[in-house]
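# Residue-level structure breakdown
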Amino acid sequence: AQSVTQLGSHVSVSEGALVLLRCNYSSSVPPYLFWYVQYPNQGLQLLLKYTTGATLVKGINGFEAEFKKSETSFHLTKPSAHMSDAAEYFCAVSFSGGYQKVTFGTGTKLQVIP
Amino acid sequence: EPEVTQTPSHQVTQMGQEVILRCVPISNHLYFYWYRQILGQKVEFLVSFYNNEISEKSEIFDDQFSVERPDGSNFTLKIRSTKLEDSAMYFCASSWKAGGGNEQFFGPGTRLTVL
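The structure reproduced in this document is the subject of the present report. (Residues numbered from 1 in each chain as written. Chains lettered and ligands numbered in written order. Predicted model: local features only at pLDDT ≥ 70, side-chain atom pairs only at ≥ 80, totals over all residues. Heavy atoms only, no water.)

## A few points about the interface of chain A and chain B
- On the chain B side, the residues contacting the 22 residues of chain A number 22 residues.
- Note on chain A versus chain B: buried area summed over both sides is about 1,800 Å², and carbon and sulfur give 60% of it.
- Taken together, the connections running from chain A to chain B amount to zero salt bridges.
- Counting across the interface, chain A meets chain B through two residue pairs in polar contact (both at pLDDT 80 or more).
- Elements with a contribution of two residues or more to the side of chain A that touches chain B: strand E4 (31-38), strand E5 (44-50) and strand E9 (87-95) of chain A.
- Ranked by residue count, the leading element in the side of chain A that touches chain B is E4(A), at four residues.
- Considering only residue class, the side of chain A that touches chain B consists of 10 nonpolar, 10 polar and two charged. (Contact = heavy atoms within 4.5 Å. Buried area = accessible area lost by both parts, 1.4 Å probe. Salt bridge = Lys/Arg side-chain N within 4 Å of Asp/Glu carboxyl O. Polar contact = N/O pair within 3.5 Å; in protein donor to acceptor, adjacent residues only side chain to side chain. Helix = DSSP H or I, 4+ residues; strand = E, 2+ residues; numbered from the N terminus. Nonpolar A, V, L, I, M, F, W, Y, C, P; charged D, E, K, R; others polar.)

## Points about the side chain of Ser95(B)
Residues and elements named next belong to chain B.
- With respect to the secondary-structure elements, Ser-95 resides in strand E9 (residues 88-95).
- A distance of 2.9 Å separates the side chain of Ser-95 from the side chain of Tyr-33, its partner in a polar contact.
- With residues up to four places along the chain from it excluded, the contact list for Ser-95 reads His-29, Leu-30, Tyr-31, Tyr-33, Glu-103 and Gln-104.

## Here's the deal with the pairing of strand E11 (residues 110-114) of chain B
Residue and element names in this part refer to chain B.
- Going residue by residue along E11, you find Thr-110, Leu-112 and Val-114 tucked away on one face and Arg-111 and Thr-113 left uncovered on the opposite face.
- In terms of strand pairing, strand E2 (residues 10-13) meets E11 through four bridges, oriented parallel. The residue of E11 that forms the bridge with His-10 is Arg-111.
- In the sheet, E9 pairs with E11 via three bridges, with the strands oriented antiparallel. Looking at the pairing, Tyr-90 lines up with Thr-110 of E11. (Buried < 20%, exposed > 50% of the residue type's maximum accessible area, 1.4 Å probe, protein only. Pairing = 2+ DSSP bridges.)

## Re the pattern of salt bridges
- Using the criterion set out here, one finds three salt bridges over all chains in the structure.
- One salt bridge connects Lys78(A) with Asp85(A), and the closest N-O pair in it is separated by 2.8 Å.
- Across the pair Glu44(B) and Arg36(B) runs a salt bridge whose closest N-O atoms are separated by 3.4 Å.
- According to the relative accessible area criterion, Glu44(B) is partly exposed, its value standing at 22%.

## Quick look at the sheet that holds strand E6 (residues 56-58) of chain A
Residues and elements named next belong to chain A.
- One open sheet holds the five strands; their spatial order is E1-E3-E8-E7-E6, and the pairing between them is antiparallel. One side of each edge strand has no neighbouring strand; the edge strands of this open sheet are strand E1 (3-7) and E6. Each strand axis lies, on average, 20° off the axis of its neighbour in the sheet, ignoring direction.
- Here three bridges tie E6 to strand E7 (residues 64-68), and the two strands are oriented antiparallel to one another. Its bridge partner lying in E7, Leu-56 is registered against Glu-66. (Axes fitted to C-alpha atoms, helices over the stretch in contact; angles between N-to-C directions.)

## Observations concerning the environment of Met83(A)
Residues and elements named next belong to chain A.
- Its place among the elements puts Met-83 in the loop between strand E8 (73-78) and E9.
- As for Met-83 and Lys-109, which are separated by 26 residues in sequence, their C-alpha atoms are 13 Å apart.
- With sequence-adjacent residues up to four places away left out, Met-83 is seen in contact with Glu-15, Val-112, Ile-113 and Pro-114.

## Comments concerning the packing of aromatic side chains
- A complete count under the given rule lists 17 aromatic pairs over all chains for this structure.
- An angle of 70° between the planes, with centres 5.7 Å apart, marks the rings of Tyr35(B) and Phe45(B) as edge-to-face. With Tyr35(B) in strand E4 (residues 31-37) and Phe45(B) in strand E5 (residues 43-50), the pair connects residues that are 10 residues apart, well separated along the chain.
- According to the relative accessible area criterion, Phe45(B) is buried, its value standing at 7%.
- In textbook terms, an aromatic cluster arises when at least three aromatic residues are bridged by ring pairs, as seen for Phe34(A), Tyr36(A), Phe90(A), Phe104(A), Tyr33(B), Tyr35(B), Phe45(B) and Phe106(B). (Phe/Tyr/Trp six-rings, centres within 6.5 Å; stacked < 30°, edge-to-face > 60°.)

## Re the pairing of E4(B)
Residues and elements named next belong to chain B.
- Of all the seven residues making up E4, seven are buried; the element is thus mostly covered by neighbouring parts of the structure.
- Residues Tyr-31, Tyr-33, Tyr-35 and Gln-37 point to one face of E4 and Phe-32, Trp-34 and Arg-36 to the other, with burial holding for every one of them.
- Hairpin geometry of E4 and E5 is characterised by an intervening segment of five residues between the two adjacent antiparallel strands and by a positive phi of about 85° at Gly-40.
- The pairing of E4 with E9 spans seven bridges and is classified as antiparallel. Bridging across to E9, Phe-32 finds its partner in Ser-94.

Here you go:
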């Protein structure tokens, strides 16, 4: 069975500071990994994804994530937080085969302090 | 840019009533999904649908739930007799093809409140 653990339900950073949102996964087969962002009263928007190939993945809005198989991690980073980054972020996993349900983590709410 | 749309944005119903949540997936997508998010909890998979039949469902998706693609554009989720615990945000998603790396595009959600 696949699962996702996000450490920290709330993270606060100062504007301009590094953003680091942690995600660890559990999967018995090679995973596909995603980060989604949810702004208030909106749907889920894909930030980035890892399927195969380069383990450092760049996404929209300056975010990136690195797949580390040895650590079963897929942490999300951004060098410099912007006020508009305040949102909830979900790490998610799926895997090849079948019709690809996505399993989500519990989410991390990012607060950016001016 | 194409997007998934959902109606209504908010539905309030009495316990025991039937509700139908509607979704219009992206037009050339072939795979359709429903997820739900109970307030304060994570997003959970309910069901996937392809070629006019359910391809996978979770244990949440019991006999009270059904899905349908009544025409070429809409994808609906019906809850036959709502319970208080069905109160949640329901997200529809669609993808061009299956395969774990293929992006699912999510709609804005319908907030269902069961009183």
